[in-house]
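The primary structure of each chain is shown beneath.
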Amino acid sequence: MILDALWYILPAYLANSSPVIFGGGAPIDFGRNFVDGRRIFGDGKTWRGFFGGLTAGTLIGIIQYFLRPYYYGSLKLAIKLSFLLALGALVGDLIGSFIKRRLNMPRGYPAVGLDQWGFLITALIFAYPVKTIPTGQVLFLLAITPVIHWAANVFAYKMGWKDVPW
Ligand code: CTP
Ligand code: MG
Ligand code: K
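Note that the coordinates shown come from a computational prediction; the quantities given were computed from them, not determined experimentally.

Visitor: Would you explain the side chain of arginine 39 in this entry?
Guide: Locating arginine 39 in the fold gives a position in the loop between helix H2 (19-22) and helix H3 (47-67). Within polar-contact distance, the side chain of arginine 39 engages the side chain of aspartate 43 at 2.9 Å. Apart from residues lying up to four places away in sequence, arginine 39 is in contact with Pro27, Asp29, Gly31, Arg32, Asn33, Phe34, Arg101 and Arg102.

Visitor: How do you make sense of a nonpolar patch on the surface when you look at a structure like this?
Guide: On the surface, Val20, Ile21, Phe22, Phe155, Met159 and Trp161 cluster together into a nonpolar patch covering about 570 Å² of accessible area. Here isoleucine 21 lies in helix H2.

Visitor: I'm lost on H3 in this one. Help?
Guide: In an α-helix, one turn spans 3.6 residues; hence positions three or four apart end up facing the same way. Compared with an ideal rise of 1.5 Å per residue, which puts 21 residues at 30 Å, H3 spans 30 Å between its outermost C-alpha atoms and is within 8% of the ideal. Those residues of H3 that sit buried are Gly49, Phe50, Gly52, Gly53, Leu54, Ala56, Gly57, Thr58, Ile60, Gly61, Gln64 and Tyr65. In this structure, the buried residues of H3 make contact with helix H1 (2-17), H2, helix H4 (69-72) and helix H5 (75-102).

The rules behind the values
Residues numbered from 1 in each chain as written. Chains lettered and ligands numbered in written order. Predicted model: local features only at pLDDT ≥ 70, side-chain atom pairs only at ≥ 80, totals over all residues. Heavy atoms only, no water. Helix = DSSP H or I, 4+ residues; strand = E, 2+ residues; numbered from the N terminus. Polar contact = N/O pair within 3.5 Å; in protein donor to acceptor, adjacent residues only side chain to side chain. Contact = heavy atoms within 4.5 Å. Patch = residues over 30% accessible without salt bridge, like charges linked within 9 Å, V, L, I, M, F, W, Y side chains within 5 Å. Areas by Shrake-Rupley, 256 points an atom, 1.4 Å probe, with all protein chains shown as cover. Salt bridge = Lys/Arg side-chain N within 4 Å of Asp/Glu carboxyl O. Expected span 1.5 Å × (residues − 1). Buried < 20%, exposed > 50% of the residue type's maximum accessible area, 1.4 Å probe, protein only.

Don't take any of this as a statement about function, it's just geometry.
This is the structure we're talking about:
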């Protein structure tokens, strides 16, 4: 049951974590400010990170299908699901950055709760029409995701991929 939940959400995790490697280049907001004079999303959200994360998340879903086809039923469903989980995670991450900038938090500033649950909740919402998981598994993911998020960030920091361990 626990492993099923992690199996389900894996494309969202990959979409949220891989932009630290793929990212760089033009920011999604192209450096533009919102009406409050602060950046719309900031330099931490780039087009390369977005599409790299979307590609990585969808690809892992295709790999997951071939490893465990019976979990999805069809390749088409696996692609749809992983694409929506990845897209939801990336959109949720953007919403989080938008909120952080409105609260005057600089790029990279930790927003406890938003950073760990924002992308997860939007991923679950985006994937809802295609495939759902039992409430118990959702609760498990809400509990475990902050721990995994923290561990992944410490790992990326130790690897020299990011400047802060959060
Ligand atoms: N990243 C990216 N494009 C994205 C998301 C992330 O290029 N769409 C890269 C950026 O280099 C970013 C890093 O991944 O700095 C870590 O992502 P995240 O922690 O989400 O961004 P922060 O730098 O913390 O920015 P913010 O304060 O806006 O959350
Ligand atoms: Mg961050
Ligand atoms: K984030």
